[in-house]
Amino acid sequence: MGKNLIVKQKYANKFNSGYPLIFKDAILNLNEVSEEGTIVRLVNEKKQFLAKGYYGKQNKGFGWVLTRDEQEQFDRNFFIKKLSKAIQRRKALFDAPDTTAFRVFNGEGDGVGGVTIEYFDGYYLIHWYSQGIYTFKEVIIDSLKEIVEFKGIYQKKRFDTKGQYIEDDDFVTGERAPSPLIVKENGMNFAVYLNESAMVGVFLDQRDVRKTIRERYAQGKTVLNTFSYTGAFSVAAALGGASKTTSVDLANRSLPKTQEQFEINGIDVEKQDILVMDVFKYFKYAVKKEIKFDLVILDPPSFARSKKFVFSAEKDYKNLLKEAIAITEDNGVIVASTNASNFDMNKFKGFVKTSFKESGIDYQILEEFSLPEDFNTTNKFPEGDYLKVLFLKKRS
Ligand code: SAH
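As the structure is a computational prediction, the values presented were derived from the model and not from experiment. (Residues numbered from 1 in each chain as written. Predicted model: local features only at pLDDT ≥ 70, side-chain atom pairs only at ≥ 80, totals over all residues. Heavy atoms only, no water.)

Student: Would you explain the domain arrangement of the chain in this entry?
Tutor: It is common to report an interface's size as the accessible area lost on association of the parts. The domain architecture assigned to the chain consists of domain 1 (3-67), domain 2 (76-184) and domain 3 (203-394). The C-alpha centroid of domain 3 is placed 28 Å from the C-alpha centroid of domain 2. At the interface, 15 residues of domain 2 touch 12 residues of domain 3. Between domain 2 and domain 3 we count zero salt bridges in total. Where domain 2 touches domain 3, the interface holds six residue pairs in polar contact (both at pLDDT 80 or more). Of all the elements in the fold, those that place two or more residues in the side of domain 2 that touches domain 3 are strand S5 (101-106) and strand S6 (115-120). Grouping the amino acids of the side of domain 2 that touches domain 3 by side-chain chemistry returns six nonpolar, three polar and six charged. (Domains from an automatic or database assignment. Contact = heavy atoms within 4.5 Å. Salt bridge = Lys/Arg side-chain N within 4 Å of Asp/Glu carboxyl O. Polar contact = N/O pair within 3.5 Å; in protein donor to acceptor, adjacent residues only side chain to side chain. Helix = DSSP H or I, 4+ residues; strand = E, 2+ residues; numbered from the N terminus. Nonpolar A, V, L, I, M, F, W, Y, C, P; charged D, E, K, R; others polar.)

Student: Whenever I open this one, the packing of aromatic side chains confuses me. Can you help?
Tutor: Two descriptors summarise a pair of aromatic rings, namely the distance from one centre to the other and the angle between the planes of the rings. Inspection of every chain in the model, using the stated rule, returns 31 aromatic pairs. Ring geometry for phenylalanine 369 against phenylalanine 391: centres 5.7 Å apart, planes inclined by 45 degrees, an arrangement best described as tilted. With phenylalanine 369 in strand S19 (residues 363-369) and phenylalanine 391 in strand S20 (residues 388-394), the pair connects residues that are 22 residues apart, well separated along the chain. An identical accessibility class is assigned to phenylalanine 369 and phenylalanine 391; each is buried. Feature note: the residues Tyr11, Phe15, Tyr19, Phe23, Trp64 and Phe381 constitute an aromatic cluster, connected by ring pairs. If you follow lysine 14 out to its NZ or CZ, it ends over the ring of tyrosine 19, 4.2 Å from the centre. A cation over an aromatic ring shows up here: lysine 52 above the ring of phenylalanine 74, its NZ or CZ 5.5 Å from the ring centre. (Phe/Tyr/Trp six-rings, centres within 6.5 Å; stacked < 30°, edge-to-face > 60°. Buried < 20%, exposed > 50% of the residue type's maximum accessible area, 1.4 Å probe, protein only. Lys NZ or Arg CZ within 6 Å of the ring centre and 35° of its normal.)

Student: Whenever I open this one, the site of the ligand confuses me. Can you help?
Tutor: For the ligand, the set of nearby residues contains 13 residues, the closest of which are Phe227, Asp249, Leu250, Val279 and Asp299. Measuring from a nitrogen atom of the ligand, one finds a backbone N or O atom of phenylalanine 227 at 3.0 Å. Here valine 279 contributes a backbone N or O atom positioned 2.9 Å from a nitrogen atom of the ligand. Protein contacts shield 89% of the accessible area of the ligand, which totals 590 Å² for the unbound molecule. (Near = heavy atom within 4 Å. Areas by Shrake-Rupley, 256 points an atom, 1.4 Å probe, with all protein chains shown as cover.)

Listed below in structure tokens is the structure:
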């Protein structure tokens with residue numbers, strides 16, 4: 001059963017060895033499928049079976065391989081098996097009393113590309129990344145309901161053609177979550193809003209980085225947090241004993257959101273700076289005023305359009321880092337982070353090397369992070385391991 005998609009000979013081995021993403025260049029007859037959620041059989045040019053999955057258009061490709069077993073059906077049993085395994089892997093996090101927010105299911109890393117599930121203190125939040133995977137909505141939600149205890153379930157539809165989040169009531173079933181819902185991460189509080197926008201207020205993939213900043217890099221330091229969003233890194237630094245934090249983000253909403261995150265952690269907001277402005281403008285201001293920081297955090301979006309220009313991490317990270325180097329104290333530390341999936345850690349380290357070299361300054365890599373354990377990835381799909389974080393010491 002299912003529609004045959006013919007894989008070009010040169011890509012047959014790739015799928016044979018487990019590559020999960022169905023991508024345009026690999027398929028000879030992609031134009032023969034258009035219905036989202038169609039079950040597709042990948043076959044080689046001799047029509048021999050390679051793998052089976054579903055068709056679903058998203059920014060990354062045209063669907064995902066779910067099995068290499070020709071007989072396997074994508075039914076309740078299948079999803080219960082995948083979900084149970086994923087939940088079993090996160091047992092330590094479910095049991096951790098001081099952490100109540102983490103990722104439960106990480107798409108292709110847990111065997112089903114196109115969908116992720118996060119846990120927020122008893123509530124489950126599902127992200128659907130294509131209309132195709134959304135056609136499995138009922139069986140996936142029923143499977144989840146069968147194997148977990150939950151207060152409520154929410155969902156985000158992330159498959160608008162322009163890549164925009166589809167505004168909707170995101171509540172699915174159970175009881176509605178308070179707004180905000182206060183969750184914990186290693187004892188730190190975060191206010192999350194499950195029903196406001198695509199992003200709920202905290203990016204769970206930075207948990208280990210926040211912990212490291214709080215425990216080992218913040219005490220007594222002045223901290224600049226750029227692209228600060230709701231100020232999660234600033235909260236970690238303040239709780240870790242920073243003498244002062246400065247958070248800079250272009251979005252108006254970042255100001256009240258950051259204030260709220262400080263308040264629910266018992267931090268005196270008046271002693272922190274929260275600036276709504278362009279980071280690049282702030283760098284110029286700091287240089288002019290000769291302001292320097294002991295710790296500078298850089299976590300830009302991989303791609304952003306502002307009024308004046310388009311920032312892309314691949315093209316602009318080097319310059320961003322040079323600006324940061326200029327306002328970091330000697331022997332200070334820069335936390336350079338990127339979630340761009342179009343380059344890997346080696347290339348990122350190359351950017352770092354160039355930036356310091358062009359600034360005429362020596363550096364040392366102190367720490368290196370990729371995704372935390374709950375963002376389970378597969379070595380069959382290295383692109384899925386997108387997070388790269390380096391702690392860089394500016395040598396004097
Ligand atoms: N570092 C944050 C997540 C950053 S999300 C965290 O750990 O929680 C990216 C943020 O960058 C968004 O809040 C967006 O408003 C902001 N942003 C994008 N371009 C910007 C610019 N040029 N100057 C300042 N902020 C910018």
